[in-house]
Amino acid sequence: REGVREVWLSSEDTGAYGKDIDVTLPKLLDDIVAAIPDGVMLRIGMTNPPHILEHMVEVARVLNHPRVFKFLHIPVQCASNK
């Protein structure tokens, strides 16, 4: 649409996308990148390490696309008592 410059894909954990419907995050990202026009950028939202690690190679490939921001928000948290 006129004036759109960015598409934000956001959720509590983007990396968990599709686990309940047998679709992968890389497939979703590929489909979005194919659909957005030149001049519009895709920003991928927050993902937790356990989920994104399953798809790291594919997500890295998508992050190298010229219409995707080269940024991932991966929180570093510690729940250990050690």
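Conventions adopted
- Residues numbered from 1 in each chain as written.
- Predicted model: local features only at pLDDT ≥ 70, side-chain atom pairs only at ≥ 80, totals over all residues.
- Heavy atoms only, no water.
- Phe/Tyr/Trp six-rings, centres within 6.5 Å; stacked < 30°, edge-to-face > 60°.
- Lys NZ or Arg CZ within 6 Å of the ring centre and 35° of its normal.
- Core = buried A, V, L, I, M, F, W, Y, C linked by side-chain atoms within 4.5 Å.
- Buried < 20%, exposed > 50% of the residue type's maximum accessible area, 1.4 Å probe, protein only.
- Helix = DSSP H or I, 4+ residues; strand = E, 2+ residues; numbered from the N terminus.
- Contact = heavy atoms within 4.5 Å.
- Axes fitted to C-alpha atoms, helices over the stretch in contact; angles between N-to-C directions.
- Parallel < 35°, antiparallel > 145°, perpendicular 65-115°, else oblique.
- Left-handed = near helix turned anticlockwise from the far one by under 90°.
- Nonpolar A, V, L, I, M, F, W, Y, C, P; charged D, E, K, R; others polar.

Colleague: Break down the packing of aromatic side chains for me, with residues and values.
Modeller: Tallying each qualifying case throughout the model produces zero aromatic pairs. Its guanidinium or amino end placed over the ring of Phe69, Arg43 lies 4.1 Å from that ring's centre, counting from NZ or CZ.

Colleague: Describe the nonpolar core, listing the residues and the values that go with them.
Modeller: Residues Leu9, Leu25, Leu29, Leu42, Ile44, Val59 and Val68 are the most contacted members of the largest nonpolar core, which totals 16 residues. Within the residue set of this core, elements represented by two or more residues are helix 1 (25-35), strand 2 (41-44) and helix 3 (56-63). For this core, the element with the highest residue contribution is helix 1, accounting for five residues. Contact partners of Val59, with chain neighbours within four places excluded, come to Leu25, Pro26, Leu29, Ile52 and Leu72.

Colleague: Which residues make up the packing of helix 1 against helix 3, and what values go with them?
Modeller: Packing of helix 1 against helix 3 leaves a shortest axis separation of 9 Å and a crossing angle of 15°. Our classification of the angle between helix 1 and helix 3 gives roughly parallel. The handedness of the crossing between helix 1 and helix 3 comes out as left-handed. When helix 1 is examined against helix 3, the residues Leu25, Pro26, Leu29, Asp30 and Val33 are found in contact with a partner set consisting of Glu58, Val59, Arg61 and Val62. Among the residues making up the contact of helix 1 with helix 3, the classes are represented as six nonpolar, no polar and three charged.

Such coordinate-based values are descriptive only and should not be taken to indicate function.
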